[in-house]
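Fold and contact review
This is what each chain is made of:
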Amino acid sequence: MSVIEISCLEVWREISNYVDQDVAPELRARMEAHFKSCAHCKAVLDGTRNVVKLVADGVEYELPAGFSQRLYGKIKEK
Amino acid sequence: MRRMGAPATYSGLSQPELVRRACEGDRDAFYSLVRPCERAIYVAAISIVNNAADAEEVAQEAVLKAFKHLAGFRAEAKFSTWLIQITINEARLRLRKDRRHLYESLDEPQTGEEGEYSPRDFADWREIPSEALKRGELRNALKQAIASLPPRYREVLILRDIQNLSTEETAEILGISQGNVKTRLLRARLQMRDALAPGIDGNWSSGKPEYKKVRPW
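These numbers were taken from a predicted model, which means no experiment stands behind them.

1. Some remarks on the overall build of chain A
Of regular secondary structure, chain A possesses four helices and zero strands. Shown N-terminal to C-terminal, the secondary structure of chain A runs as helices and strands in the order α-α-α-α. With respect to the three principal axes, the spread of C-alpha positions in chain A is 70 × 20 × 20 Å. Counting over 78 residues, chain A shows a buried share of 26%. Within chain A, residue pairs in contact and separated by at least 24 positions form 59% of the contacts whose partners lie at least 6 positions apart.

2. A short note on the overall build of chain B
Regarding its fold elements, chain B presents twelve helices and zero strands. Listing every helix and strand of chain B by position from the N terminus yields α-α-α-α-α-α-α-α-α-α-α-α. A burial count over chain B gives 37% of its 217 residues as buried. Counting contacts in chain B only where the partners sit at least 6 residues apart, residues at least 24 apart contribute 68% of the total.

3. Here we look at the packing of helix α4 (residues 52-68) of chain B against helix α5 (residues 79-98) of chain B
All names here are of chain B. Running from N to C, α4 and α5 cross one another at 125°; their axes reach a closest spacing of 8 Å. As the angle between them shows, α4 and α5 are arranged oblique. Along this stretch, α4 crosses α5, giving a crossing that reads as right-handed. Residues D54, V58, A59, E61, A62, K65 and A66 of α4 pack against L83, I86, T87, E90, A91 and R94 of α5. Of the residues assigned to the contact of α4 with α5, the class counts are seven nonpolar, one polar and five charged.

4. Comments concerning the interface of chain B and chain A
By a widely used convention, the size of an interface equals the accessible area lost when the partners come together. Tallying the contact residues gives 48 residues for chain B and 34 residues for chain A. Secondary structure elements with two or more residues in the side of chain B that touches chain A: α2 (27-34), α3 (38-49), α4, α8 (137-147), α9 (151-162), α11 (178-205) and α12 (209-214) of chain B. A per-element tally of the side of chain B that touches chain A places α11(B) first, with nine residues. By residue class, the composition of the side of chain B that touches chain A is 32 nonpolar, two polar and 14 charged.

5. Observations regarding the packing of α3(B) against α5(B)
All names here are of chain B. Between α3 and α5, the shortest axis-to-axis distance is 9 Å and the interhelical angle comes to 30°. With respect to their mutual orientation, α3 and α5 come out roughly parallel. The way α3 lies across α5 gives a crossing that is right-handed. Residues A40, I41, A44, A45, I48 and V49 of α3 pack against S80, L83, I84, T87, I88, A91, R92, R94 and L95 of α5.

Calculation notes
Sequence order sets the numbering: in each chain, residues are counted from 1 along the sequence as written. Think of it this way: whatever chain is written first is A, whatever ligand is written first is 1, and the rest follow in order. Local features are withheld for residues below a pLDDT of 70 in this predicted model, meaning they are given only at 70 or higher, and side-chain atom pairs are given and counted only at 80 or more; totals for whole chains, interfaces and linings count all residues. Only DSSP runs of H or I reaching four residues or more are called helices, and only runs of E reaching two or more are called strands; each is numbered from the N terminus. Any residue whose C-beta has 12 or fewer other C-beta atoms within 10 Å is treated as exposed, any with 20 or more as buried, and any in between as partly exposed, C-beta atoms being built from the backbone. Here, residue contact means that the backbone-derived C-beta atoms of the two residues sit within 7 Å. All axes here are fitted lines through C-alpha atoms, helices being fitted over the stretch that makes contact, and every angle between N-to-C directions spans 0 to 180 degrees. Convention used here: angles under 35 degrees read as roughly parallel, angles over 145 as roughly antiparallel, angles from 65 to 115 as roughly perpendicular, and any remaining angle as oblique. Helix crossings get a hand from a simple test, with the near helix turned counterclockwise from the far one by less than a right angle marking a left-handed crossing and a clockwise turn marking a right-handed one. Charged means Asp, Glu, Lys or Arg here, nonpolar means Ala, Val, Leu, Ile, Met, Phe, Trp, Tyr, Cys or Pro, and polar covers whatever is left, Gly included.

Structure below.
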């Protein structure tokens, strides 16, 4: 099956949707073909995936100690 | 610190029942609604005000505001979505009050969402080095990269990729279209990649032969 070529610019525009598996099958096939032949876009894809993974796994916004008690205190005091 | 005692527990009660009781002034019932959302509202607040102390105050103010306006909560809505929405509004209000000009200049750029974005370079970044993550270097770099994003990208990145909210819910909370959520998320992720991938340069993958190939300069 031959797919219609897609430009790097178009690939970058959709790369985040691609990572989220939120592109139509036809576009997906064109992008997959592009990634096989374009090392630059493949690098951007890998990097974008790494960002998503890292942000999900690596970033903690711990609640400050005593947050819950202080919040409950505020609710009860007014 | 137990001046007000421990919260009464209402673990068996449904959301509508808790809302009903809270509307009648039962503050423990209200806290039972808020408790599962504590982290979500704190993170939503920090995504905008960008520091822990302000985020806590914003979360507290938002919760008090929610209590006051609980009668306006639609029974069919999700309480967490509603509360996060109030928190985001409260955080924006705070930021505008504190740093009016700075925030506006960051939040409303002349270019809008439409301009094309190109990756800054094509550094190869196939693997995430787990040692670097463990050592905390990468964690700090990540936090810095998130903090340096424009607020409207940071909000979306945090709601989608940290809180794991859907595009639909994120759009509802921020009051923007789903298309806008996707565009901002794209920008946020690519800017994060720009910020982080070159940092890998020296330490992470420059030893690989294929690295030079994709990055000829």
